[in-house]
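A closer look at the structure
Given next are the chains, with one letter for each unit.
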Amino acid sequence: MTRSRHIKPHQGWVTTVYRAHLGLVVPQHCALRVGDETRQWREGETFVFDDTVMHEAWNYGTSDRVVLLFDFVRPGCEDKPQDELPASVAGFVRRGG
């Protein structure tokens, strides 16, 4: 059974945080592209990126990929107000998905 998955190119809107991915279960043929850079996930390794940069992810392997995704405040942004959600996202959140 092929479990090929692709998260199409997209970008976030929150400018006060960085996003981190920690590879927990990483089969072959899984990668993340951020801007012009592509990286393979590796189990037990973390990489941090700016979610506001266009990015996409894929798993062309035959088993599931499990990545712990978390955000943290960018250095120097601790006292800045949180970014407001775009109207389309706010509506989705209000509807509960």
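Our subject is the structure listed above.
Let me sum up the structure you'll find in this document. Residue positions are given per chain, counted from 1 along the sequence in the order it is written. Two thresholds apply to this predicted model, a pLDDT of at least 70 for residue-level local features and 80 or more for giving and counting side-chain atom pairs, whereas whole-chain, interface and lining totals are computed over all residues. With hydrogens and water stripped out, all remaining heavy atoms of the structure feed into the side-chain values.

1. Some points on a nonpolar patch on the surface
Selection criterion: Each patch is built from salt-bridge-free residues with over 30% relative accessible area, joining like charges within 9 Å and nonpolar side chains (Val, Leu, Ile, Met, Phe, Trp, Tyr) within 5 Å. The Shrake-Rupley method, run with a 1.4 Å probe sphere, supplies the accessible areas, and residue values consider only the shown protein chains as cover. Note on definitions: salt bridges are taken to be side-chain nitrogens of Lys or Arg within 4 Å of carboxyl oxygens of Asp or Glu. Runs of E in the DSSP output that reach at least two residues are strands. Runs of H or I that reach at least four are helices, and both are numbered from the N terminus.
Residues Leu 24, Val 25, Val 48, Val 66, Leu 68, Phe 70 and Phe 72 make up a contiguous nonpolar surface patch of roughly 540 Å² in combined accessible area. Sorting the residues of the nonpolar patch by element identifies β2 (17-25) and β7 (66-73) as the ones contributing at least two each. Considering each element in turn, the nonpolar patch owes the most residues, four residues, to β7. The topology assignment puts Val 48 in strand β5 (residues 46-49).

2. Quick look at the side chain of Arg 33
The test is simple: For the purposes of these results, a polar contact is taken to be a pair of N or O atoms within 3.5 Å, where, inside protein, one atom must be able to donate a hydrogen and its partner to accept one; residues adjacent in sequence count only when each atom of the pair is a side-chain atom. Any pair of residues with heavy atoms lying within 4.5 Å of one another is described as a contacting pair.
Relative to the elements of secondary structure, Arg 33 occurs in strand β3 (residues 30-34). In terms of polar contacts, Arg 33 uses its side chain to reach the backbone carbonyl oxygen of Gly 35, at 2.5 Å. Among the polar contacts made by the side chain of Arg 33, one reaches the side chain of Glu 56 at a distance of 2.8 Å. Non-local contacts of Arg 33, meaning those with residues more than four positions away in its chain, are made with Pro 9, Thr 38, Met 54, His 55, Glu 56 and Trp 58.

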